[in-house]
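# Overview (structure and organization)
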Amino acid sequence: MSRTLAEAAAEAADCTKCRLSQGRTQVVFGAGHPDAGLMFIGEGPGFHEDEQGEPFVGAAGQLLNRMLGEIDLARDQVYIANIVKCRPPGNRDPRPDEIDACTPWLVEQISLIQPQVIVTLGNFATKFVLNTQTGITRLRGQIHDWHGRTVIPTFHPAAILHGGGEKSRQFQLLLDDFRMVRSTLDAMSERPSDVVELPEADVGAPADDTDQLELF
Ligand code: SF4
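Cut-offs used in this document
Residues numbered from 1 in each chain as written. Predicted model: local features only at pLDDT ≥ 70, side-chain atom pairs only at ≥ 80, totals over all residues. Core = buried A, V, L, I, M, F, W, Y, C linked by C-beta atoms within 7 Å. Buried ≥ 20, exposed ≤ 12 C-beta atoms within 10 Å, placed from the backbone. Contact = placed C-beta atoms within 7 Å. Helix = DSSP H or I, 4+ residues; strand = E, 2+ residues; numbered from the N terminus. Pairing = 2+ DSSP bridges. Axes fitted to C-alpha atoms, helices over the stretch in contact; angles between N-to-C directions. Near = placed C-beta within 6 Å. Nonpolar A, V, L, I, M, F, W, Y, C, P; charged D, E, K, R; others polar. Expected span 1.5 Å × (residues − 1). Arc of directions from axis to C-beta.

## Looking at the nonpolar core
By size, the foremost hydrophobic cluster in this structure holds 51 residues, and its most contacted members are M39, I41 and V119. Ignoring anything within four residues of it in the chain, the contact list for I41 reads A81, N82, I83, I118, T120, L121, A125 and V129.

## Focus on the pairing of strand β4 (residues 117-121)
Among the 5 residues of β4, 5 are classified as buried, and the element is accordingly described as predominantly covered. Taking every second residue as pointing to the same face, both faces of β4 are buried, with V117, V119 and L121 on one and I118 and T120 on the other. Two elements, strand β2 (residues 38-42) and β4, share 4 bridges in a ladder whose sense is parallel. Residue pairing across strands places F40 opposite V119, the latter belonging to β4. Direction of pairing for β4 relative to strand β6 (residues 149-154): parallel, over a ladder of 5 bridges. Within β6, the residue paired with V119 across the bridge is I152.

## As for the sheet that holds strand β3 (residues 79-82)
The strands that make up a sheet are held in pairs by hydrogen bonds between backbone atoms, and each pair lies either parallel or antiparallel. In space, the 6 strands of this open sheet follow the order β1-β3-β2-β4-β6-β5, with mixed pairing throughout. Strand pairing shows two members of the sheet lacking a second neighbour, β1 (31-32) and β5 (144-146), which therefore form its edges. Contacts from helix α5 (residues 122-130) reach β2, β4, β5 and β6 within the one sheet, and its direction differs from that of β4 by about 135 degrees.

## Quick notes on the pairing of β2
Of all the 5 residues making up β2, 5 are buried; the element is thus mostly covered by neighbouring parts of the structure. In terms of strand pairing, β2 meets β3 through 4 bridges, oriented parallel. Within the sheet, the bridge partner assigned to F40 lies in β3 and is I80.

## Thoughts on the site of the ligand
Among the 15 residues in the neighbourhood of the ligand, the closest are listed as C15, C18, S21, C86 and C102. Top contributing element to the shell around the ligand by residue count: helix α4 (residues 96-113), with 4 residues. Grouping the amino acids of the shell around the ligand by side-chain chemistry returns 10 nonpolar, 2 polar and 3 charged.

## Here's the deal with helix α8 (residues 169-189)
A rise of 1.5 Å per residue sets the reference length of α8, with its 21 residues, at 30 Å; its end C-alpha atoms lie 31 Å apart and thus fit the reference within 8%. What α8 keeps buried is the set Q170, L174, F178 and V181. Buried residues of α8, viewed axially, fall in a sector of 90 degrees; they line one side. Seen from the buried face of α8, the exposed residues on the opposite side, beyond 90 degrees, are R169, Q172, D176, S183, D186 and A187.

## Notes on unusual backbone geometry
The backbone of N91 shows a phi angle near 60 degrees, a positive value even though the residue is not glycine. If you trace the backbone, N91 turns up in the loop between β3 and α4. At N131, a residue that is not glycine, the phi angle is positive and equals roughly 55 degrees. Position of N131 among the secondary structure elements: in the loop between α5 and α6 (136-139).

Structural data, given as structure tokens:
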């Protein structure tokens, strides 16, 4: 029998499987409803997230909350996580071996939550999840089939804030993408679920467990 999300989070809190454990204040495992139908995946914790132990709590998190409000969802109705659970120093991109080490946590989260819709936030998370080199500008605003689930990529809220905020064209596109998420969820609620279960993560497996990485 699989364990609960809280039990997985408790084990992750002591994780030292990669070098990012050395500079973190705390592991930022994820936050939200353990049975959410909608899950967001970002890149990794930043300064505020590392301080508070919760993903998307800074200015980008405020924008994410606002977008959720635009589609009549509250933060505690969805689940929010990152690809890596510890803050990379100086907010650099996570390195391949760090991602390899951390991916089993993400796989376990998806296996336990079973979201019908996954929204990847930004270029990094989108390329990783969809295993593509195509950039976010071309992939956003489209529905991608992924292991029987729906992935909808959109911009990272931080990129919107750095690129002109509310006055930018990207802001409107972000809003469009969230409305697509809403309509997708609404359409799914009107028909039986056809989600295919992911294999359960082999928790505590070595970082080079390629079976899990193939899921992505
Ligand atoms: S980033 Fe992931 S794998 Fe690395 S120490 Fe943190 S929780 Fe463990």
